[in-house]
Amino acid sequence: MGALELFDLSGKVAIVAGGSRGIGFAIAEGLASAGATVVVANSTPDQGERAAAAIRAQGKEALAIPFDIRQRVSVEALVAATLKACGRIDILVNAIGVIRRGPIEEVSETDWDTMMGINLRGAFLLCQVVGREMIGRKQGKILNISSNVSQVLQPHRGAYAITKAGLSHLTRVLGLEWAPHGITVNAIAPAPTITDLNRKFFEDNPKDLEARKRSIPLGRLGAPADYVGAAIFLASRASDFVTGQTYFVDGGSNLI
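Q: What is the right way to look at the overall build of the chain in this model?
A: Across its full length, the chain carries eight helices and seven strands. A compact globule built from 256 residues would reach a C-alpha radius of gyration of about 18 Å, and the chain, at 17 Å, matches this within 12%. Dimensions of the chain, computed from C-alpha atoms along their principal axes, come out at roughly 50 × 40 × 40 Å. Looking at the chain as a whole, 49% of its 256 residues are labelled buried. Sequence-distant contacts, at least 24 apart, represent 74% of the contacts inside the chain between residues at least 6 apart. Per element, the accessible surface of the chain, about 11700 Å² overall, is 55% carbon and sulfur. Across the chain, the centroid of the 27 positively charged side chains sits 2 Å from that of the 24 negatively charged ones.

Here is the structure:
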């Protein structure tokens, strides 16, 4: 097998949860470009369909299935719909996340519950339901989008950091428990990245933006495209002997 063939995803089916925008959309495009059929799964049907259409316009295979990561019945419906449309699930990317900023002593229970419910509980539900299907087939690749703040703390992101640290540890747990089933589970930890999730915040808080740039040795924030190569690697045969790891694609911020 040639080296580039290791990254070929032809014939694979990938669910990209949160694949309608930002990092998720960049990864969805990347997996499609490597040959996968991509299911864009998100909570907003119009956005999901626009994302899938944009991928199809590039001559790739994609469809959109709306779902709510907070509800098990909705996650189960996503899996059932994917199996009906595509016949299999080879890859799961969980790129759904929310952030609420503020001093830890001022974090409301509502904000705490929202972040825990989506970033951690929702990720658990999604991995569990898809994982059961993968266990039945004795193969699969799961990729969670964590964050560099799972390890490198930043002011006013404490509760968010806790959810992402939990997500990285969930990745380790699943990597251990599902290895006997031929399933690998890994995570990518991005640096701060300009997306719809944080664009307005950085526009309104230029000092914070500059502080984040100074915290990254390579001197810039991330871009969604920065994570595509790692995602293709972790979704492909090239990473068959890698599991339970969190890859810091963060411009070196974890070094200081």
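Q: Help me understand the sheet that holds strand β7 (residues 246-249), please; the structure alone is not making it clear to me.
A: Pairing between sheet strands relies on hydrogen bonds along the backbone, with the strands arranged either parallel or antiparallel. Taken together, seven strands build an open sheet; the order of strands is β3-β2-β1-β4-β5-β6-β7 and the sheet is parallel. Each having just a single partner strand, β3 (62-66) and β7 make up the two edges of the open sheet. Averaged over neighbouring strand pairs, the angle between their axes works out to 20 degrees when direction is ignored. The sheet contacts of helix α4 (residues 109-137) involve β1 (13-17), β4 (91-94), β5 (140-145) and β6 (183-190), and relative to β4 the element is tilted by about 175 degrees.

Q: Got a minute to help me understand α4 in this structure?
A: Note on helix geometry: an α-helix contains 3.6 residues per turn, so any two residues three or four positions apart are oriented the same way. Compared with the 42 Å implied by 1.5 Å per residue over 29 residues, the 40 Å span of α4 between its first and last C-alpha is a close match. The largest bend along α4 measures about 40 degrees and falls at Gly117. Following α4 by one or two positions, Lys138 has its phi on the positive side, about 60 degrees.

Q: What am I meant to see in the side chain of Gln128 here?
A: By the element assignment, Gln128 lies in helix α4. For Gln128, a relative accessible area of 17% puts it in the buried group. Dropping the residues within four chain positions of it, Gln128 is found in contact with Arg72 and Trp178.

Q: Could you clarify how one ought to interpret helix α2 (residues 45-56) in this entry?
A: The end-to-end C-alpha distance of α2, which contains twelve residues, comes to 16 Å, matching closely the 16 Å that a straight helix rising 1.5 Å per residue would cover. For α2, the full list of buried residues reads Gly48, Ala51, Ala52 and Ile55. Take α2 and look down its axis: the buried residues cluster within an arc of 95 degrees, on one side only. Along α2, the residues that are exposed and aim more than 90 degrees away from the buried face are Asp46 and Arg50. Residues of α2 that are buried sit in contact with α1 (22-33), β2 (37-42) and β3.

Scoring rules and cut-offs
- Residue positions are counted from 1 within each chain, in the order its sequence is given.
- Given that the model is predicted, a residue must reach a pLDDT of at least 70 before its local features are reported, and side-chain atom pairs must reach 80 or more before they are shown or counted; all residues, however, enter totals for whole chains, interfaces and linings.
- As a rule here, side-chain values come from all non-hydrogen atoms in the structure, and water together with hydrogens is ignored.
- The helix and strand labels rest on DSSP assignments: H or I over at least four residues marks a helix, E over at least two residues marks a strand, and numbering proceeds from the N terminus.
- As a reference, a globule follows 2.2 Å times the number of residues to the power 0.38, and the radius of gyration itself is taken over C-alpha atoms.
- Partly exposed describes any residue whose relative accessible area lies between the buried limit of under 20% and the exposed limit of over 50%, with all areas from a 1.4 Å probe on protein chains only and scaled to the type maximum.
- Should any heavy atoms of two residues lie within 4.5 Å, those residues are counted as being in contact.
- All accessible-area figures derive from a Shrake-Rupley calculation using a 1.4 Å probe, and residue coverage is judged against the displayed protein chains alone.
- Positive charges come from Lys and Arg alone, negative charges from Asp and Glu alone, with His and the N- and C-terminal ends not counted.
- The atom standing in for a charge is NZ when the residue is Lys, CZ when it is Arg, CG when it is Asp and CD when it is Glu.
- By the convention used here, strands pair only if DSSP detects at least 2 bridges between them.
- The convention used is that axes are lines fitted to C-alpha atoms, helices contributing only their stretch in contact, and that angles between N-to-C directions extend from 0 to 180 degrees.
- Expected span of a helix, by definition, is 1.5 Å for each gap between consecutive residues, and there is one gap fewer than residues.
- Fitting one axis to the seven residues ending at a residue and another to the seven starting there, the bend at that residue is the angle between the two axes.
- Comment: arc refers to directions from the helix axis out to C-beta atoms.

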